[in-house]
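Examining the three-dimensional arrangement
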Amino acid sequence: MYKYFLLILIVISCKENNLIKDSSNNQYKIDYKFFSGQKNINIDSLYQIVTKTKNDTIKINNLISIFRLSIRNRPLRDDVLEKALAISKSINYQTGIANCLSRKGVNARYQHQYLKSLKLHKEAVPYYENSWDIESRIKNLNSLGVTYRRLNIEEEAIKYHLEALKLSEKIDFTRSIAIAFNGIGNAYVTLKKYDDAIEYFNRSLKLNMIDKNERGMGYDYSNLGEAYMFKQQYDTAFQYQNKALEIADKSNNKNDKAIIYSAMGLMFQNKEEWNKALGYYLEAIPILTKHKSKRLLSFTLINTGIIYTQLKEFNKAKEYINSGLQLSTEISSKDNILLGYQALSKLLELEGDSNEAFKNYKSMVIYRDSIFNIKSENNIVAMNIKYDTEKKDEEIKVLYLENEVNKNRSIILFLSIGMLFALSVFSFVYHRMKIKNNNMKIDNMRGQIEAHLSHISNFEDNKNNKHDLSENIDKYGLSSRELEVLNNITHGMKNQEIADKMYVSLATIKTHTKNIYNKLDVRNRMEAARKAQAI
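Chains are numbered independently. Their residues run from 1 in the order of the written sequence. At least 70 in pLDDT is required for a residue's local features to be given in this predicted model, at least 80 for side-chain atom pairs to be given and counted, and no such filter applies to totals for whole chains, interfaces and linings, which use all residues. Hydrogens and water are ignored here; the side-chain numbers use all heavy atoms of the structure.

Let's talk about the overall build of the protein chain
Regarding its fold elements, the protein chain presents 26 helices and 2 strands. Categorising residues by exposure relies on relative accessible area from a 1.4 Å probe, with only protein chains included: less than 20% of the type maximum marks a residue as buried, more than 50% marks it as exposed, and the intermediate range marks it as partly exposed. Per-residue burial over the protein chain gives 44% buried out of 535 residues. Residue contacts follow a heavy-atom distance rule, with two residues in contact if any of their heavy atoms lie within 4.5 Å. Taking all contacts inside the protein chain whose residues are at least 6 apart in sequence as the whole, residues at least 24 apart take part in 54%. Surface summary for the protein chain: the accessible area is close to 30,200 Å², and the carbon and sulfur share equals 52%. Think of it this way: any DSSP run of H or I at least four residues long counts as a helix, any run of E at least two long counts as a strand, and we number them from the N terminus. Each accessible area is a Shrake-Rupley result for a 1.4 Å probe, and residues are judged covered by the shown protein chains and nothing else.

What follows is the structure, given as structure tokens:
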């Protein structure tokens, strides 16, 4: 009886809203590709119908489709995605779990919650390894690359884009191959390897042309324009940006047009053609505001303020810079916050307000050394240590292989050259010495790995255990400034870094350091740091 009732509901819904399409085996599923182009979809009605069906893979996929439809027909239904995830876990549907986590990761990235996005995408990885959905697995890997780029960890971004690329090539998934090429190109732009970036953008462009993916071609043209701009080849850059703009005009995609306007504004800003740059920025701002593209909007607002500063319109400049700075702080955009403080400091200096200019410069320095930045730098340090450790693991494997080869050579020489006994003995001893030398190298590398691992452990301990040396200051007679210098030494800072942080000269820091050594009865920075741990 229930099936007939549900069928009636479905038929009514199909007739009124064109939301559900019949499939085989008397089961009904949402055809997302067909219905994504429909307007005024009643998400609530669709959700109520699907929730009454049994908990199986079709229901989970329907819920995910409803969530995807809610992206186009606001409001966003996070509750639908959470329900799909809960049901997937209850029936151990690996593909469903992976797809839900990956979707949540994309949402977090759009909300500028990059660390959360990273966690969700990584959590999805092992589930995709047990999944049949290779295309979604590739998309998740490319999403990991994008999120790492947002965190300015470009090496990891390239690693995941390359992994997505390998899988895409195996199944001839042209669209994702192009996306991976584009992602790698963007990472190389940030690393200032512009020729490498151009090579990957051109590969992506070629595939998008074959695939007739005009929007992808637009992104490639715009990215090529940006790379050539940084190479200061402005005529070539302008030609590519114009091609991108033609595609955006043809599709009437206003958000894409705004991205290109902002890129062209930056190009003319670099050429110091202030009025042209201002025109493009002012075209981009209202569109970016409407589409809530906060990261690019904050960047464009601050640069507009910089242009007004160059044009000596200081009131407008301050208004735009402050708006961009406020927005970039809201989304924790490190690069844009630093850009905003720099721009505001320069503006106030030109206005003759040196005190306020210094305050903003100081704010920029403090922010640069804030916990947010330290976390980003720590991620990079940990990543480099991990990379070095893995590299040494590979070297050890090579040495082990070389040992086996040398052993075999020794035996063969000893058995086959009986008449030349002396030479055989010499060869045998030589190879044995080489083996011994390699073993010593292996032991040495093991020690290095243990040191790296100890470094990682100390690195984590130091983040969580900050020592307050002030309690025992009387015991060693350290002054407050010497105590501050010692604290900075224990956190691994160099003399010049400490001088910059404390706004004193390098010579002053060297004097404090010498006094600290004398009072603590130590010879170097390492001994001072160790003794500080015991204070």
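A look at the nonpolar core
Side-chain atoms within 4.5 Å are what join buried Ala, Val, Leu, Ile, Met, Phe, Trp, Tyr and Cys residues into a set we call a nonpolar core. Membership of the largest hydrophobic core comes to 62 residues, with the highest contact counts inside it found for Tyr221 and Leu224. In terms of nonpolar packing, the next biggest core, distinct from the first, is built from 28 residues, Ile64, Val80, Ile87 and Cys100 among them.

With respect to the packing of helix H4 (residues 57–72) against helix H5 (residues 78–90)
The relative placement of two packed helices comes down to the angle between their axes together with the axis-to-axis distance. Contact geometry of H4 with H5 gives a least axis separation of 8 Å together with a crossing angle of 160°. The orientation of H4 relative to H5 falls into the category roughly antiparallel. Here H4 runs over H5; the crossing is left-handed. Between H4, through Lys59, Ile60, Leu63, Ile64, Ile66 and Phe67, and H5, the contact on the second element is made entirely by Asp78, Val80, Leu81, Lys83, Ala84, Ile87 and Ser88. Here the contact of H4 with H5 is built from residues that sort into 9 nonpolar, 1 polar and 3 charged. The axes used here are C-alpha line fits, helices contributing only the stretch in contact, and every angle between their N-to-C directions lies in the interval 0 to 180 degrees. Orientation labels follow simple angle bins: below 35 degrees gives roughly parallel, above 145 gives roughly antiparallel, 65 to 115 gives roughly perpendicular, and whatever is left gives oblique. The crossing is said to be left-handed when, going from far helix to near helix, the turn is anticlockwise and less than a right angle, and right-handed when the turn is clockwise. For this classification, Asp, Glu, Lys and Arg are treated as charged, while Ala, Val, Leu, Ile, Met, Phe, Trp, Tyr, Cys and Pro are nonpolar and the rest, including Gly, are polar.

Description of a nonpolar patch on the surface
Here the term patch refers to residues with relative accessible area over 30% and no salt bridge, with like charges joined within 9 Å and nonpolar side chains (Val, Leu, Ile, Met, Phe, Trp, Tyr) within 5 Å. One speaks of a salt bridge when a side-chain nitrogen belonging to Lys or Arg is within 4 Å of a carboxyl oxygen belonging to Asp or Glu. Taken together, the side chains of Phe421, Val425, Phe428, Val429 and Met433 make up a nonpolar region of the molecular surface, amounting to roughly 460 Å² of accessible area. Checked against the element boundaries, phenylalanine 428 lands in helix H21 (residues 421–464).

Side note on unusual backbone geometry
For asparagine 252, which is not glycine, the phi torsion reads 55° and is therefore positive. Summarising the element assignment, asparagine 252 is placed in the loop between helix H13 (234–251) and helix H14 (254–270). Although it is not a glycine, aspartate 521 sits at a positive phi angle of roughly 60°. Mapped onto the secondary structure, aspartate 521 falls in the loop between helix H25 (506–520) and helix H26 (525–534).

As for the environment of alanine 164
Within the secondary structure, alanine 164 is located in helix H9 (residues 154–170). Judged by its relative accessible area of 0%, alanine 164 falls in the buried class. Residues alanine 164 and asparagine 142 lie 22 residues apart in sequence; the distance between their C-alpha atoms is 6.0 Å. Once residues lying within four places of it in the same chain are set aside, the contact partners of alanine 164 are Ile138, Leu141 and Asn142.

Examining H14
Under the 1.5 Å per step criterion, the end-to-end length of H14 is 24 Å for 17 residues, consistent within 8% with the ideal 24 Å. In terms of residue burial, H14 counts as a mostly covered element, since 13 of its 17 residues are buried. Side-chain atoms alone can form a polar contact between residues adjacent in sequence; in general such a contact is a pair of N or O atoms within 3.5 Å, and within protein one must be able to donate a hydrogen while the other accepts it. The distance from a side-chain oxygen at the start of H14 to the backbone nitrogen of asparagine 255 is 3.3 Å, and the residue carrying that oxygen is asparagine 253. Glutamate 272, located one to two residues past H14, shows a positive phi value of around 65°. Under the convention used throughout, the expected extent of a helix is 1.5 Å for every residue step, that is, one less than its residue count.

Focus: the environment of glycine 218
Structurally, glycine 218 is set in helix H12 (residues 214–230). Separated by 38 residues in sequence, glycine 218 and aspartate 256 have C-alpha atoms that sit 8.4 Å apart. In contact with glycine 218, not counting residues within four places along its chain, are Ala244 and Ile247.

A few points about the packing of helix H7 (residues 114–129) against helix H8 (residues 134–150)
Their axes nearest at 9 Å, the elements H7 and H8 cross at an angle of 155°. By the angle class used here, H7 and H8 are roughly antiparallel. Classified by chirality, the crossing of H8 by H7 is left-handed. From H7, Tyr114, Ser117, Leu118, His121, Lys122, Ala124, Val125, Tyr128 and Glu129 reach across to H8, where they touch Ser136, Arg137, Asn140, Ser143, Leu144, Thr147, Tyr148 and Arg150. Here the residues of the contact of H7 with H8 are counted per class, giving 7 nonpolar, 6 polar and 4 charged.

Concerning the confidence of the model for the protein chain
Confidence scores here are pLDDT values: one per residue, from the predictor, ranging 0 to 100. When the pLDDT values of the protein chain are averaged, the result is 81; 76% of them are 70 or greater. When pLDDT is averaged over each helix and strand of the protein chain, the minimum, 41, is found for helix H1 (residues 2–17) and the maximum, 96, for helix H11 (residues 194–211). Predicted confidence for residues 21–25 stays below pLDDT 50, and this span has 8 contacts to residues more than four positions away or in other chains. This stretch, residues 371–378, has a pLDDT under 50; its non-local contacts, to residues over four places away or in other chains, come to 11 contacts.

Structural notes on the side chain of asparagine 99
In this fold, asparagine 99 is placed in helix H6 (residues 94–110). Under the relative-accessibility criterion, asparagine 99 is labelled buried at 12%. Here tyrosine 128 takes part through its side chain, which lies 2.6 Å from a polar atom of the side chain of asparagine 99.

Notes on the side chain of histidine 512
In this structure, histidine 512 sits in helix H25. Residue histidine 512 is classed as buried on the basis of its relative accessible area of 16%. Once you skip the residues sitting within four places of it in the chain, histidine 512 turns out to touch Arg481, Glu482 and Val485.

Notes on the packing of aromatic side chains
We call Phe, Tyr and Trp rings a pair once their centres come within 6.5 Å, taking the six-membered ring for Trp, and we label the pair stacked below 30 degrees between planes, edge-to-face above 60, and tilted otherwise. Scanning all chains against the criterion turns up 10 aromatic pairs. Consider the rings of phenylalanine 238 and phenylalanine 268, whose centres lie 5.9 Å apart with planes at 70°: the pair is edge-to-face. In this pair, phenylalanine 238 sits in helix H13 while phenylalanine 268 sits in helix H14, placing the two residues 30 residues apart along the sequence. For phenylalanine 268, a relative accessible area of 6% gives the class buried. Through a chain of ring-to-ring contacts, the aromatic side chains of Phe238, Tyr261, Phe268 and Tyr280 assemble into a single cluster. One Lys or Arg, arginine 109, reaches over the ring of tyrosine 110 and ends 5.5 Å from the middle of that ring. Sitting over a ring, as applied to charges here, requires NZ of Lys or CZ of Arg to be within 6 Å of the ring centre and within 35 degrees of the ring normal.

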